[in-house]
Amino acid sequence: MLHIRRSLLLRDIVTSEMAHVAERPVVRAVAIAVIGNPFAGRYVEDLTELFEAGRTVGEQLMPDLVRLLSQNPVSYGKAAIVGVNGEFEHGGACIHPMLGKPMRAAVGGGKAVIPSNVKVGACGASIDVPLSHKDDPWSFDHFDTVTVSMPDAPKPDEIVVVLAVADGGRLHARCGKGPR
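Presented here is an overview of the structure given in this document.

Thresholds, definitions, all that
- Residues numbered from 1 in each chain as written.
- Predicted model: local features only at pLDDT ≥ 70, side-chain atom pairs only at ≥ 80, totals over all residues.
- Heavy atoms only, no water.
- Axes fitted to C-alpha atoms, helices over the stretch in contact; angles between N-to-C directions.
- Helix = DSSP H or I, 4+ residues; strand = E, 2+ residues; numbered from the N terminus.
- Parallel < 35°, antiparallel > 145°, perpendicular 65-115°, else oblique.
- Left-handed = near helix turned anticlockwise from the far one by under 90°.
- Contact = heavy atoms within 4.5 Å.
- Nonpolar A, V, L, I, M, F, W, Y, C, P; charged D, E, K, R; others polar.
- Buried < 20%, exposed > 50% of the residue type's maximum accessible area, 1.4 Å probe, protein only.
- Patch = residues over 30% accessible without salt bridge, like charges linked within 9 Å, V, L, I, M, F, W, Y side chains within 5 Å.
- Areas by Shrake-Rupley, 256 points an atom, 1.4 Å probe, with all protein chains shown as cover.
- Salt bridge = Lys/Arg side-chain N within 4 Å of Asp/Glu carboxyl O.
- Lys, Arg positive; Asp, Glu negative; His and termini not counted.
- Charge placed at Lys NZ, Arg CZ, Asp CG, Glu CD.
- Core = buried A, V, L, I, M, F, W, Y, C linked by side-chain atoms within 4.5 Å.

## Remarks on the packing of helix H1 (residues 48–67) against helix H2 (residues 88–95)
At a closest axis distance of 6 Å, the pairing of H1 and H2 adopts a crossing angle of 45 degrees. Taken as axis vectors, H1 and H2 run oblique relative to one another. Here H1 runs over H2; the crossing is right-handed. Contacts between H1 and H2 involve Leu-50, Phe-51 and Gly-54 from the former and His-90, Ala-93 and Cys-94 from the latter. Looking at the contact of H1 with H2 residue by residue, the class counts come to four nonpolar, two polar and no charged.

Structure representation (structure tokens):
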């Protein structure tokens, strides 16, 4: 059974950029979960336990995450930071094979690949979580990034799993319209 040592929900409301106020704010919501890494300090072939951990984190946190938005989610992303006694693949195992299904269920679809980022890092390391449109992988206006960290994680034998959603793209996107 998965134990989440600590979780954090963040709500980021962006109202203006470069003193230019938006027509409506864009809300980005992030869930961070700290879990134990059962494979810390050793190499194993079968990472199924981490696949299932990712699914469970998604099932537990995505409904709360989506409720933090002001409007329906239109973009999403995921990430993991593996403590220094683990390996990059441990983070990939948490966020790739099974996490997508509960994320897509919570956002009401999701035809596009969920963008992701993984790294090995020390306690307090930050990670850039990429965001893109949930249904249109070529919607440049929705390419975005949110940077997060958990102050006391990951400990060497832990993994930080990050889920992110947004109810809009970049505030004043001007790159997706083609050449001017």
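From this point, the discussion proceeds with the structure in view.
## With respect to H2
In terms of burial, H2 is a largely internal element, six of the eight residues being buried. If you follow the buried residues of H2, they end up packed against strand E2 (20–36), H1, strand E3 (75–82), strand E4 (116–120) and strand E7 (158–166).

## Some thoughts on the packing of H1 against helix H3 (residues 100–107)
At their nearest, the axes of H1 and H3 sit 8 Å apart, and the two run at 20 degrees to each other. With respect to their mutual orientation, H1 and H3 come out roughly parallel. Once H1 is placed against H3, the crossing between them reads as right-handed. Residue-level inspection shows Arg-55, Gly-58, Glu-59, Met-62 and Val-66 of H1 in contact with H3, the latter providing Pro-102, Met-103, Ala-106 and Val-107. In terms of residue class, the contact of H1 with H3 is made up of six nonpolar, one polar and two charged.

## Quick notes on unusual backbone geometry
The phi angle of most residues is negative, glycine excepted, and most peptide bonds adopt the trans form. Looking along the chain, the bond that leaves Ala-153 and enters Pro-154 is cis, with omega of 0 degrees. By the element assignment, Pro-154 lies in the loop between strand E6 (144–149) and E7. The phi dihedral of Met-18 is positive, around 50 degrees, even though this residue is not glycine. As for its position among the elements, Met-18 is in the loop between strand E1 (4–17) and E2. Take Met-18: its relative accessible area is 83%, and that puts it in the exposed class. Here Ala-19, not a glycine, exhibits a phi torsion of approximately 65 degrees, which is positive. Residue classification places Ala-19 among the exposed positions, given a relative accessible area of 79%.

## Observations regarding a negative patch on the surface
On the surface, Glu-45, Asp-46, Glu-49 and Glu-52 cluster together into a patch of negative charge. Residue placement: Glu-52 occurs in helix H1.

## So, the nonpolar core
In terms of nonpolar packing, the biggest core is built from 32 residues, with Met-62, Ile-159, Val-161, Leu-163 and Val-165 touching the most fellow members. Listed by contribution, the elements that provide at least two residues to this core are E2, H1, E3, H2, H3 and E7. When residues of this core are assigned to their parent elements, the largest contribution, seven residues, is made by H1. Counting residues in hydrophobic clusters, the runner-up holds 17 residues, among them Val-30, Ala-153, Ala-164 and Ala-166.

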